[in-house]
Amino acid sequence: MPILVRPTTPFPGQKPGTSGLRKKVAVFQQPNYLENFVQSIFDSLEGFQGQTLVLGGDGRFFNREAIDVILRMAAANGFGRVLVGRQGILSTPAASCVIRKHRAFGGIVLSASHNPGGPHEDFGIKYNIGAGGPAPEKVTEAIYACSQAVGEYRIFDGGAVDIDRLGIQHLGEMAVEVVDPVADYVELMERLFDFSAIRRLFASGFRMRYDAMHAVTGPYALAILEGCLGAPAGTVVNGTPLPDFGGGHPDPNLVHAHDLVAAMSAPDAPDFGAASDGDGDRNMVLGRNFYVTPSDSLAVLAANARLAPGYTGGLAGIARSMPTSQAADRVAAALGIRCYETPTGWKFFGNLLDAGLATFCGEESFGTGSDHVREKDGLWAVLLWLNLLAVRRQSMETIVRDHWAVHGRNFYSRHDYEGIGTAEADGLMDHLRGSLADLAGRRFGAYIVRLADDFAYTDPVDGSVSMRQGIRVVFSDGSRIVYRLSGTGTEGATLRVYIERFEPDPGKHDQDTQAALADLIRLADQIAGITLRTGRSAPTVIT
Ligand code: VG1
Ligand code: CO
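Residues numbered from 1 in each chain as written. Chains lettered and ligands numbered in written order. Predicted model: local features only at pLDDT ≥ 70, side-chain atom pairs only at ≥ 80, totals over all residues. Heavy atoms only, no water.

Right, let's talk about the coordination of the cobalt ion (ligand 2) for a bit. Looking at the cobalt ion (ligand 2), one finds its protein donor set to be S113 (OG), D277 (OD), D279 (OD) and D281 (OD), positioned 2.0 to 2.1 Å from the metal centre. Every donor residue of the cobalt ion (ligand 2) comes from the same chain, spaced as S-x163-D-x1-D-x1-D. With S113 in the loop between strand 5 (106-110) and strand 6 (122-129) and D279 in the loop between strand 12 (272-276) and strand 13 (283-287), the pair connects residues that are 166 residues apart, well separated along the chain. Here S113 matches D279 in class, with each residue buried. (Donors = N, O, S within 2.8 Å, 3.2 Å for Na, K, Ca; no water. Helix = DSSP H or I, 4+ residues; strand = E, 2+ residues; numbered from the N terminus. Buried < 20%, exposed > 50% of the residue type's maximum accessible area, 1.4 Å probe, protein only.)

Structure below.
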């Protein structure tokens, strides 16, 4: 077959971050940039000849062009078959589902997740392994190493396929099967949740607003909520994926999902609100006039998991990323199961899930999921909440307040300082690292530092070690301040500061979060010199 072997030279910086390689679209549009990275993925792998690759993306600008290139490169590199979502669409959790169900060798997901899309915005590409999850660090490091040495790439030059047409086509000897991006995923959700109970909930007049933010979950939410579950038409808003997400920022949080937040605090607000991000792996859930933090959502879902058919046997364990609040730890203790603490990024949950050590996982960044796939899953969390609401027939607010009354409340907030200079950000972190020894045992007002370190993680399954995963300052009452730099941005640096304080007294659970954390927020600035070093007097985004 007509395979071209084209010479190329390496690009610097093709290093995957927290979740794949993310760059401005213009960077990906440079001749050979995408090709180099894709060839590096293939060069880093062994044994995929004749095997199946899964391919899809969140529909953002450059998705189709990239799919065309990757299909032709997969053919030239010897894959036997590619399963590609129709129109190039596959949400991140759906891609994981398809990889697992069809026993694929791996998958390539095109997304920069919550980063904006469009010709002047971001694009991204990530590789997922056969278990369905994000490539672990040893794989991403191997890809990066290959990208620094790549000298040629292979591409098929004998035609193209129509990704709008379901069914099998061929590129040379390789089969390309265009699949319904929604079908396998819907089938999985039906097995995990009590769809009849949720259908009855909607039939009883329960109202919901699901904001797909013009990102990838639109078709999934329409099929499941309005299709299978009988929610009234119009429950899903912004349900058509657009290449630029309608000019918005597909990040489901209080700042970027402001329309949803406004609708949920209006006098005629629905009972339940939810939004997902660009690639469908995150979720924000809201009650009427009530916000639940992702950390609390994980804890409440874990405490109530047995109410859903997929989890009646209970949970083997819970895992959370280090900056995520310790609300889940309290649930794990109450359930008599283990809670694992991992670095930021879903790839660190993979081994725990594969080994059956954890069933639910969560991150403070609106990511929740379980062992049903190997990615976080926005709609899964929404459906689990619906299942819970359908069984308990209480408002979300009542359920969360009851939870706090039993387990106590972990007041929690994340402060992001976006777009600060790389030098300032590195300087701040270096300074913090340098002051760790002095911090231990120091008193700041009522707070005494019990532990100050740079979080290092040893994977309990394969023993791999990941260093420098964020600075933790833990106080004697269990309160914490965590600092780390984002690994998903494409411009300058983003400093994330995570602040947490436990409050056992139900009489004090009504406080405003920022007020409840005010002392620690001041301390966070004092310890790291944020204002002094960045010139910023306030965060860009507070969640
Ligand atoms: C952020 C979040 C992290 C999440 C990652 C990918 O990373 O903090 O929890 O796993 O995004 O999510 P960072 O390095 O910017 O803090 V997604 O939805 O972009 O795939
Ligand atoms: Co995402």
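Attention shifts here to the packing of aromatic side chains. Within the structure shown, the criterion is met by 19 aromatic pairs. Judged by centre distance (4.6 Å) and plane angle (75°), the ring pair of W346 and F349 falls under edge-to-face. The two residues W346 and F349 agree in class, both being buried. For the pair F360 and W380, a centre-to-centre distance of 5.2 Å together with 85° between the ring planes defines the contact as edge-to-face. Residue F360 is located in strand 17 (residues 360-363), and its partner W380 is located in helix 13 (residues 378-392); the two are separated by 20 residues in the primary sequence. Assigned by exposure class, F360 and W380 land together as buried. Joined through ring pairs, the aromatic side chains of F11, F28, Y33, F62 and F123 make up one cluster. Over the ring of F502 we find R330, and its NZ or CZ is 3.3 Å from the ring centre. (Phe/Tyr/Trp six-rings, centres within 6.5 Å; stacked < 30°, edge-to-face > 60°. Lys NZ or Arg CZ within 6 Å of the ring centre and 35° of its normal.)

Taking strand neighbours across the sheet as the criterion, the 5 strands line up as 11-10-12-13-14 in an open arrangement whose pairing is mixed. The sheet terminates laterally at strand 11 (236-237) and strand 14 (290-291), the two strands that pair on one side only. Relative to strand 14, strand 13 runs antiparallel, the two being bridged by 2 bridges. Looking at strand 14, one finds that G287 is bridged to F290. (Pairing = 2+ DSSP bridges.)

Enumeration over the complete set of coordinates arrives at 4 cavities of 30 Å³ or more. Volume-wise, the largest cavity comes out at about 390 Å³. Lining the largest cavity are 37 residues, and of these T18, S19, R22, G345 and T488 lie nearest its centre. Every element with two or more residues in the lining of the largest cavity is listed here: helix 2 (33-44), strand 6, helix 5 (137-147) and strand 26 (493-503). With 4 residues, strand 6 is the largest single contributor of residues to the lining of the largest cavity. Looking at the lining of the largest cavity, its residues break down into 10 nonpolar, 14 polar and 13 charged. Taken as a whole, the second largest cavity encloses approximately 60 Å³ of empty space. What lines the second largest cavity is Y291, T293, P294, E364, F366, Y412, S413, R414 and T543. Ranked by the residues each element gives to the lining of the second largest cavity, the list is headed by strand 19 (residues 409-420), at 3 residues. Residues of the lining of the second largest cavity, tallied by class, amount to 4 nonpolar, 3 polar and 2 charged. Counting residues domain by domain, the lining of the second largest cavity receives three or more from each of domain 2 (185-407) and domain 3 (409-542). (1 Å grid on protein atoms, 1.4 Å probe; cavity = no way out; pocket = protein on both sides within 12 Å on 5 of 7 lines; lining within 4 Å. Points joined across faces, edges and corners; volume = space filled by probe spheres on them. Nonpolar A, V, L, I, M, F, W, Y, C, P; charged D, E, K, R; others polar. Domains from an automatic or database assignment.)

It is worth spelling out the sheet that holds strand 16 (residues 338-342) at this point. Taken in spatial order, the 4 strands line up as 16-15-17-18 in an open sheet, and their pairing is mixed. Either end of the sheet is taken by a strand with one partner, and the two such strands are strand 16 and strand 18 (367-370). Adjacent strand axes in the sheet meet at a mean angle of 15° when their direction is disregarded. On top of the sheet, helix 10 (residues 294-303) reaches strand 15 (317-321), strand 17 and strand 18; it is set at about 170° to strand 17, its chief contact. (Axes fitted to C-alpha atoms, helices over the stretch in contact; angles between N-to-C directions. Contact = heavy atoms within 4.5 Å.)

Looking now at the environment of G419. With respect to the element layout, G419 can be found in strand 19. Separated by 74 residues in the primary sequence, G419 and A493 place their C-alpha atoms 5.3 Å from one another. When neighbours within four sequence positions are excluded, G419 is seen to be in contact with E491, A493, T494 and R536.

Purely geometric numbers; function is a separate question.
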